[in-house]
Amino acid sequence: MRFVEEYRDPRLVRALAEEIQGRATRAWTIMEVCGGQTHSIVQHGLDELVAPAVSLLHGPGCPVCVTPLETLDLALAIAEGSDAILCSFGDMLRVPGSKHDLLTARARGGDVRVVYGPLDAARLAGRTPGRPVVFLAVGFETTAPAVAVAARFARRQRLENFFLLVSHVRVPPALEAIAGAPGARVDAFLAAGHVCTVMGTAEYEPIAARHGLPIVATGFEPVDILEGIALAVARLEAGEAGVDIQYRRAVRPGGNPAARALIDEVFEQADRPWRGIGVVPGGGLALRAPYRALDAATAFARLAPSQAPREPASCRAGDVLRGAIRPPECAEFGRGCTPERPLGAPMVSSEGACAAYWNRFGAEARP
Amino acid sequence: MCLAVPGRVVEVYEEDGLRMARVDFAGVRLRVCLETLPEAEVGAWLLVHAGVALQRLDADAAEAGLALLAEAAAAGAGAGAEEP
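Residues numbered from 1 in each chain as written. Chains lettered and ligands numbered in written order. Predicted model: local features only at pLDDT ≥ 70, side-chain atom pairs only at ≥ 80, totals over all residues. Heavy atoms only, no water.

## Details of the interface of chain A and chain B
For step 1, the next point in the chain: The interface of chain A with chain B comprises 52 residues on the first partner and 44 residues on the second.
For step 2, the next point in the chain: Summed over the three residues of chain A that lose the most area to chain B, namely Phe3, Tyr116 and Arg123 of chain A, the buried surface amounts to 15% of that side.
For step 3, the next point in the chain: Taken together, chain A and chain B are joined by 4 salt bridges.
For step 4, the next point in the chain: Ionic pairing is found between Asp16 of chain B and Arg123 of chain A, a salt bridge with its closest N-O pair at 2.8 Å.
For step 5, the next point in the chain: Taken together, the links from chain A to chain B amount to 9 residue pairs in polar contact (both at pLDDT 80 or more).
For step 6, the next point in the chain: Listed by contribution, the elements that provide at least two residues to the side of chain A that touches chain B are helix 1 (10-23), helix 4 (63-66), helix 7 (118-127), strand 5 (133-139), helix 8 (144-156), helix 10 (193-199), helix 12 (222-238) and helix 13 (257-266) of chain A.
For step 7, the next point in the chain: Considering each element in turn, the side of chain A that touches chain B owes the most residues, 7 residues, to helix 1 of chain A. (Contact = heavy atoms within 4.5 Å. Buried area = accessible area lost by both parts, 1.4 Å probe. Salt bridge = Lys/Arg side-chain N within 4 Å of Asp/Glu carboxyl O. Polar contact = N/O pair within 3.5 Å; in protein donor to acceptor, adjacent residues only side chain to side chain. Helix = DSSP H or I, 4+ residues; strand = E, 2+ residues; numbered from the N terminus.)

## So, the sheet that holds strand 11 (residues 278-287) of chain A
Residue and element names in this part refer to chain A.
For step 1, the next point in the chain: Here we have 6 strands laid out as an open sheet, ordered 4-3-5-6-11-10, and mixed in their pairing. Among the strands making up the open sheet, the edge pair consists of strand 4 (111-114) and strand 10 (267-274). Each strand axis lies, on average, 25° off the axis of its neighbour in the sheet, ignoring direction.
For step 2, the next point in the chain: Note: strand 3 (residues 85-88) against strand 4, 4 bridges, orientation parallel. (Pairing = 2+ DSSP bridges. Axes fitted to C-alpha atoms, helices over the stretch in contact; angles between N-to-C directions.)

## Considerations on the packing of aromatic side chains
For step 1, the next point in the chain: A full pass over the atoms with the stated rule returns 7 aromatic pairs over all chains.
For step 2, the next point in the chain: Taking 5.3 Å as the distance between ring centres and 70° as the angle between the ring planes, the aromatic pair formed by Phe3 of chain A and Trp45 of chain B counts as edge-to-face. One end of the pair, Phe3 of chain A, is in the segment before helix 1; the other, Trp45 of chain B, is in strand 4 (residues 45-49), on a second chain.
For step 3, the next point in the chain: Its relative accessible area of 3% is what places Phe3 of chain A among the buried residues.
For step 4, the next point in the chain: We classify Trp45 of chain B as buried; its relative accessible area is 18%.
For step 5, the next point in the chain: The residue whose ring lies beneath Arg26 of chain A is Trp28 of chain A, and the NZ or CZ to ring-centre distance is 3.9 Å.
For step 6, the next point in the chain: Lying across the ring of Tyr7 of chain A, Arg249 of chain A places its NZ or CZ 3.5 Å from the centre. (Phe/Tyr/Trp six-rings, centres within 6.5 Å; stacked < 30°, edge-to-face > 60°. Buried < 20%, exposed > 50% of the residue type's maximum accessible area, 1.4 Å probe, protein only. Lys NZ or Arg CZ within 6 Å of the ring centre and 35° of its normal.)

Distances and angles like these do not, on their own, reveal function.
Written out as structure tokens, the structure is:
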């Protein structure tokens, strides 16, 4: 596929790995904050290619993984306790809620459907008047424009049976939280390429300046990731902070203005809990006043579980998401937690770091 | 979840008040919403996520970047490396 295959060229991969190894005068720690990048890194062994010059930490780059248990439990309650059709991206179906997952809810008779995008869910609502259709809207800024399009469409079409269960998160506040945490050990970040495709890079400038970090908007293929690391190492070796764009074929400094305008029309910034991390100030998006009629959390408030859910005590998903440990350092990895019987979301989401290690190494993964 | 796929616009049309396109993804044709990229025309390469166009792909930037990397690779490890 054009714009993809060229970035898997083994010659370029080797040359970039050698450049990184040759340039680093000390060991640097670089965190990627995108599950797609995490999977590419682990699947292709890029972490081994750049060691020991660069140690890669995996950040909270998985929107599915950081979706709060409360949101997932409400989605399950809607699917099982109402006549609504619950629409979701396929990635959410196996994520464990307090009791079970959406796949189980479907097996028990809940109408849970996988859609390609939120607009398909809105169109479904148009075809099923009188039956509520709820879209489980999780994602980073990459996905927010698609949800905004569906919200605007529903409002213009006066669809009274379309709802959004919103758990949208914003990446820059999470980087700020990680960089500013006591004992932070990240020297540079690879910023998520498609988040920057939508939003541009301006939001990262103050974070880079405040913490003296290089931040590189980076793509997803092996050549992209290694070039992103090479740019970060060049900055680190020069003692410079700043924002660079590696993923030039898709990222402009100003992002996509029409997509950003759509997000701004529908959403406002809000404090949001990130599963495993806690409340991140400004770390999410909430519906603006004209769109609040679409809010499923309000429309289905009567179904919200009354007790705050509890995470399994032995699951270290929060530590994995913060980059405090790598998945195999968790005692449950491959033992009490496997893709068949997951304790935490990172083991089953296609972008989860635990799933990345499981796919490459199985239960034999070693720290 | 942030996976986005490159595809080429084969047709632009309106549907239910939305600007839409048929986009070819390596032989598979799907409908894509262009509300986020209203100026995209037939032949444009797009990056598409969850049924919505995220951005137009810049073929010139892609080729220039790859040429620089290939040059650096040919020049050998450590030499001719790209400056940020």
